[in-house]
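Okay, here's what each chain looks like letter by letter:
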2 protein chains.
Amino acid sequence: MEQSFLAYLRGRTRNLPSVAVGIGDDAAVLNFPGTPEFPSTPESPATPDSADTPCLQQVACTDQIIDGVDFRSDSQPLASIGYKSIAINLSDIAAMGATPTAALVTLTLPSLNATEIAGEVYEGILEACAEFNVAVAGGDLSTYDGPLAISVTLLGTVTAPWLRTGAKEGDAIFVSGSLGGSLSGRHLRPIPRIELANRLRQHVNVNAAIDVSDGFSLDLDRMLASSRVGAELNIEQIPISDAAHAMSKDSNRSPLEHAWSDGEDFELIFTVDESDAAALEELSADDLSVNVTRVGSVVGRTGLWKRITGSKLERVFPQGYVHGETDE
Amino acid sequence: MEQSFLAYLRGRTRNLPSVAVGIGDDAAVLNFPGTPEFPSTPESPATPDSADTPCLQQVACTDQIIDGVDFRSDSQPLASIGYKSIAINLSDIAAMGATPTAALVTLTLPSLNATEIAGEVYEGILEACAEFNVAVAGGDLSTYDGPLAISVTLLGTVTAPWLRTGAKEGDAIFVSGSLGGSLSGRHLRPIPRIELANRLRQHVNVNAAIDVSDGFSLDLDRMLASSRVGAELNIEQIPISDAAHAMSKDSNRSPLEHAWSDGEDFELIFTVDESDAAALEELSADDLSVNVTRVGSVVGRTGLWKRITGSKLERVFPQGYVHGETDE
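Residues numbered from 1 in each chain as written. Chains lettered and ligands numbered in written order. Predicted model: local features only at pLDDT ≥ 70, side-chain atom pairs only at ≥ 80, totals over all residues. Heavy atoms only, no water.

K.L.:
Quick one: what's the story with the overall build of chain A, residue by residue and with numbers?
P.N.:
Each helix and strand in chain A was counted, giving nine helices and 13 strands. Over its C-alpha atoms, taken along the principal directions, chain A stretches across nearly 65 × 65 × 45 Å. Here chain A, with 328 residues, has 59% of them falling under the buried criterion. Here the contacts in chain A between residues at least 6 apart in sequence split such that 80% fall between residues at least 24 apart. Within the structure as shown, chain A displays about 13,200 Å² of accessible surface, and the carbon and sulfur contribution to it stands at 48%. (Helix = DSSP H or I, 4+ residues; strand = E, 2+ residues; numbered from the N terminus. Buried < 20%, exposed > 50% of the residue type's maximum accessible area, 1.4 Å probe, protein only. Contact = heavy atoms within 4.5 Å. Areas by Shrake-Rupley, 256 points an atom, 1.4 Å probe, with all protein chains shown as cover.)

K.L.:
Describe the domain arrangement of chain A, with residues and values.
P.N.:
Residue and element names in this part refer to chain A. In terms of domains, chain A is made up of domain 1 (2-159) and domain 2 (164-316). The straight-line distance from the C-alpha centre of domain 1 to that of domain 2 is 24 Å. The interface of domain 1 with domain 2 comprises 27 residues on the first partner and 17 residues on the second. Taken together, both faces of the contact between domain 1 and domain 2 bury some 1,800 Å²; the carbon and sulfur share is 53%. When the buried area of domain 1 at its contact with domain 2 is split by residue, Lys84, Ser91 and Ala94 rank highest and sum to 25% of it. Linking domain 1 to domain 2 there are four salt bridges. A salt bridge links Arg164 to Asp25, with the nearest nitrogen and oxygen atoms 3.8 Å apart. (Domains from an automatic or database assignment. Buried area = accessible area lost by both parts, 1.4 Å probe. Salt bridge = Lys/Arg side-chain N within 4 Å of Asp/Glu carboxyl O.)

K.L.:
Break down the packing of aromatic side chains for me, with residues and values.
P.N.:
What the rule picks out here adds up to four aromatic pairs over all chains. Seen from their ring centres, Phe174 of chain B and Phe270 of chain B are 5.7 Å apart, and the 10° between their planes marks the pair as stacked. Remark: Phe270 of chain B occurs in strand E10 (residues 268-272) and Phe174 of chain B occurs in strand E7 (residues 172-176); sequence separation between them is 96 residues. This pair shows no difference in class: Phe174 of chain B is buried, exactly as Phe270 of chain B is. Ring geometry for Phe216 of chain B and Trp260 of chain B: centres 6.1 Å apart, planes at 65°, overall edge-to-face. One end of the pair, Phe216 of chain B, is in helix H5 (residues 216-226); the other, Trp260 of chain B, is in helix H7 (residues 255-261), and 44 residues separate them in sequence. Each of the two residues, Phe216 of chain B as well as Trp260 of chain B, counts as buried. Cation over ring: Arg301 of chain A sits above Trp305 of chain A, and NZ or CZ is 4.0 Å from the ring centre. Positioned over the ring face of Tyr83 of chain B is Arg189 of chain B, at 4.4 Å from the centre of the ring. (Phe/Tyr/Trp six-rings, centres within 6.5 Å; stacked < 30°, edge-to-face > 60°. Lys NZ or Arg CZ within 6 Å of the ring centre and 35° of its normal.)

K.L.:
Let's hear about the UniProt feature "binding site: Mg(2+) 1" (unreviewed entry) in chain A: which residues, and what values?
P.N.:
Here the UniProt-annotated "binding site: Mg(2+) 1" (unreviewed entry) positions come out as Thr62, Asp63 and Asp140 of chain A. Tracing the backbone through its elements, the reader meets Thr62 of chain A in strand E3 (residues 56-66). Dropping the residues within four chain positions of it, Thr62 of chain A is found in contact with Asn89, Ser151, Val152 and Thr153 of chain A together with Leu104, Thr106, Gly139 and Asp140 of chain B. One polar contact links the side chain of Thr62 of chain A to the main-chain carbonyl oxygen of Val152 of chain A, over a distance of 3.0 Å. Here Asp140 of chain A lies in strand E5 (residues 135-144). (UniProt positions renumbered as here; feature names shortened; annotations may be inferred. Polar contact = N/O pair within 3.5 Å; in protein donor to acceptor, adjacent residues only side chain to side chain.)

K.L.:
Would you mind going over helix H4 (residues 194-203) of chain B in detail, with residue names and values included?
P.N.:
Taken residue by residue, H4 of chain B has Ile194, Leu196, Ala197 and Leu200 of chain B as its buried positions. Projection of H4 of chain B onto a plane perpendicular to its axis shows the buried side chains occupying an angular sector of 160°, all on one side. (Arc of directions from axis to C-beta.)

K.L.:
How would you explain the relation of the copies chain A and chain B if you had to name every residue and give the values?
P.N.:
Mapping chain A onto chain B is achieved by rotating through 180° and translating by 0.0 Å along the same axis, at an RMSD of 0.0 Å. A rotation of that kind, with that shift, is consistent with a two-fold axis. Taking C-alpha positions as the reference, the residue of chain A nearest the rotation axis is Gly146 of chain A, at 2.9 Å. Comparing interface residues between copies, 99% of those in chain A also sit at the interface in chain B, which points to an isologous, same-surface contact. (Least-squares fit on C-alpha atoms with pLDDT ≥ 70 in both.)

K.L.:
How would you sum up the interface of chain A and chain B? Please name residues and give values.
P.N.:
With 69 residues of chain A in contact, the opposing surface of chain B contributes 68 residues. Interface area, chain A with chain B, both sides summed: about 5,400 Å², of which 64% is carbon and sulfur. If you look at where chain A meets chain B, you find one salt bridge. Between Arg12 of chain A and Glu123 of chain B there is a salt bridge whose closest N-O contact spans 2.9 Å. At the boundary of chain A with chain B, the tally comes to eleven residue pairs in polar contact (both at pLDDT 80 or more). Those elements giving two or more residues to the side of chain A that touches chain B turn out to be helix H1 (2-12), strand E2 (28-31), E3, strand E4 (99-110), helix H3 (114-131), E5 and strand E6 (149-159) of chain A. For the side of chain A that touches chain B, the leading source of residues is E5 of chain A, giving ten residues. Grouping the amino acids of the side of chain A that touches chain B by side-chain chemistry returns 36 nonpolar, 23 polar and ten charged. (Nonpolar A, V, L, I, M, F, W, Y, C, P; charged D, E, K, R; others polar.)

K.L.:
Can you tell me about the pattern of salt bridges, naming the residues and giving the values?
P.N.:
For side chains bearing opposite charge, pairing can occur when the charged atoms are close. A full pass over the atoms with the stated rule returns 31 salt bridges over all chains. Bridged by salt links that share partners, the residues Asp25, Asp26 and Arg164 of chain A form one connected network.

K.L.:
Let's hear about unusual backbone geometry: which residues, and what values?
P.N.:
Residues and elements named next belong to chain A. For Ala160, which is not glycine, the phi torsion reads 55° and is therefore positive. Of note, Ala160 is situated in the loop between E6 and strand E7 (172-176). Positive phi, close to 60°, is recorded for Asn252, a residue that is not glycine. Here Asn252 shows up in the loop between helix H6 (242-251) and helix H7 (255-261).

K.L.:
Residues and numbers for the side chain of Thr157 of chain A, please.
P.N.:
With respect to the secondary-structure elements, Thr157 of chain A resides in strand E6. A relative accessible area of 14% places Thr157 of chain A in the buried class.

K.L.:
I'd like to hear about the nonpolar core, residue by residue, with values.
P.N.:
Formed by 66 residues in total, the largest nonpolar core has its most connected members in Leu107, Ile125 and Phe270 of chain A. Element by element, the count of residues in this core is highest for helix H2 (residues 78-95) of chain A, at ten residues. Residues within four places of Phe270 of chain A in sequence aside, it is in contact with Ala172, Ile173, Phe174, Leu200, Val206, Ala208, Ala209, Leu280 and Val292 of chain A. In terms of nonpolar packing, the next biggest core, distinct from the first, is built from 65 residues, Val59, Leu148, Leu188 and Phe270 of chain B among them. (Core = buried A, V, L, I, M, F, W, Y, C linked by side-chain atoms within 4.5 Å.)

K.L.:
Describe the UniProt feature "binding site: substrate" (unreviewed entry) in chain A, and please don't skip the residues or the numbers.
P.N.:
All names here are of chain A. Taking the numbering used here, the UniProt-annotated feature "binding site: substrate" (unreviewed entry) corresponds to Asp70, Glu264 and Tyr321. Of the residues just listed, which span 252 residues, no C-alpha pair is farther apart than 11.7 Å, and they cluster in one region. Tracing the chain through its elements places Glu264 in the loop between H7 and strand E10 (268-272). The contacts of Glu264, once residues within four sequence positions are left out, are Lys84, Ser182, Leu183, His187, Val212 and Ser213. Setting aside chain neighbours within four positions, we find Tyr321 in contact with Asp214, Leu218, Arg222 and Ser261.

K.L.:
Report on the packing of helix H2 (residues 78-95) of chain B against helix H3 (residues 114-131) of chain B, specifying residues and quantitative values.
P.N.:
Residue and element names in this part refer to chain B. For the pair H2 and H3, interaxial distance at closest approach is 7 Å and the crossing angle is 45°. The orientation of H2 relative to H3 falls into the category oblique. As for the relative orientation of H2 and H3, their crossing is right-handed in sense. Together, Leu78, Ala79, Gly82, Tyr83, Ser85 and Ile86 of H2 and Ile117, Glu120, Val121, Glu123, Gly124, Ile125, Glu127, Ala128, Cys129 and Glu131 of H3 make up the contact between the two elements. (Axes fitted to C-alpha atoms, helices over the stretch in contact; angles between N-to-C directions. Parallel < 35°, antiparallel > 145°, perpendicular 65-115°, else oblique. Left-handed = near helix turned anticlockwise from the far one by under 90°.)

This is the structure in structure tokens:
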């Protein structure tokens with residue numbers, strides 16, 4: 001349901017001058033008062049020269065996880081689930097090239113043992129917030145007759161956010177880390193690529209970015225579709241994780257299939273100009289906090305493609321976790 | 001559970017320079033980058049003279065409502081419930097004296113008829129957002145085996161926010177509108193006092209404010225306790241709604257008891273200096289968008305008090321809806 005409903009919502013939601021980017025990217029982008037795009041106020045008049053330079057903007061995203069849908073409290077530690085609820089939102093902040101500042105946390109708790117559950121979940125929430133220098137600035141707590149749900153809103157700041165719409169024909173496509181097999185354990189303590197985003201900003205201009213939440217090929221396809229372009233991929237360059245290799249032994253799927261379609265990697269896919277691609281390939285994993293791998297180039301033709309021989313391209317199809325696919 | 005758990009959280013949550021007011025008020029207050037309290041960045045250096053004037057700050061609050069706990073989808077229209085989910089958050093924004101800008105909406109939907117429910121709820125959400133000039137900037141949608149839950153995060157801006165901690169001995173205490181009996185119908189379409197907050201800013205300095213969500217006396221007591229002061233109330237001045245009178249006929253409780261303790265009025269309680277109180281009493285309901293009534297004065301002694309005869313004060317006790325009171 002989610003994608004079609006979001007399309008409906010985008011059509012229904014009015015554009016206000018305070019909102020630079022609304023529904024449809026990893027996070028919303030809001031203009032701070034006093035910037036040229038924002039109605040000026042007596043307290044914060046827009047300055048005449050501020051139209052020339054990109055302004056600092058605010059980003060905000062929200063993501064919820066629910067027991068029995070997104071995690072299983074009977075087999076996973078509550079503290080890890082709390083950690084994950086922050087980390088997945090930080091991943092969206094990283095995908096905007098932004099710096100996180102504060103979180104608002106809403107816990108919906110089963111009536112039985114509500115206080116104990118809240119305490120354990122918060123251990124992980126506070127751990128993640130300390131690690132990434134995020135303040136828990138507010139939230140809400142409810143008890144009800146239902147499963148544990150954790151909804152987090154993360155706020156941050158950014159100058160010139162990385163949008164899904166920014167990929168251009170000729171861009172090089174990179175992905176961080178290695179892909180696939182996250183569900184064998186890594187997904188509970190994902191590393192949101194906040195530090196990578198920070199380092200990338202020091203070295204190159206990122207044209208477009210998205211984080212891998214539903215599957216590498218699916219999220220890549222989403223980003224490129226937003227930019228109205230496609231990709232020619234070097235499939236053999238896709239970085240496959242050890243976990244994907246291990247999982248492949250019992251899954252009847254190849255390690256590449258895991259890397260191609262498994263969800264919850266929380267790595268970054270991003271595109272840069274060809275000149276920046278050369279600069280990036282000179283940098284080490286130490287320079288960037290994690291290795292990044294070039295996996296292809298942006299092409300004008302939409303869709304994902306791989307080269308067979310010479311000039312012959314074959315279409316390859318995105319796969320991954322589609323939210324609400326089983327609904328109705 | 002909520003109050004004690006929030007106290008625990010306040011103790012555990014680190015203070016970061018970006019957070020001016022964290023857990024414990026109607027909304028969090030965040031400093032915009034470039035203000036004196038915020039670490040300056042190359043993009044937004046703090047200006048030398050900005051320490052003298054109050055800076056524009058950001059406010060953020062979040063509040064969730066759940067079917068079977070906070071509303072009943074079998075007897076209340078889904079559009080009204082959607083409207084309410086925005087309005088109750090706007091009430092918190094108004095209680096900070098702030099202006100709303102954008103909302104992030106998380107819907108947790110029963111699997112059966114998820115799309116239909118989401119559509120009806122959004123009718124009310126979009127109606128409230130249009131009425132109060134708020135953009136729906138993002139959100140999340142999930143389906144699960146549980147009751148409908150709507151979690152809204154509202155963002156806004158403010159200069160010199162109205163905090164619960166700002167009441168001073170000698171202040172006059174006012175309340176907007178009339179109180180009690182909200183559950184007979186008004187609670188589904190509450191009027192968040194955004195316009196009143198805006199008008200008050202043009203006429204007076206508000207020292208402290210809170211919105212009535214759990215009951216007039218309970219929320220008044222909370223605000224004054226945060227300020228470490230108390231109140232001498234003119235009980236007979238408390239504005240009682242028609243709905244409280246009507247409800248009293250069947251409830252075995254007086255109209256005043258309803259006004260004193262009923263939740264979900266979403267009126268504003270606020271305090272001003274005595275000189276501003278005189279100015280306020282000159283203004284009409286038209287000037288302020290709603291009538292405001294003086295109900296007492298702030299005193300140094302904590303607690304709520306009423307005058308019996310001469311100098312004799314008698315303590316009166318706050319009552320209302322305490323979240324999680326039945327929990328464990």
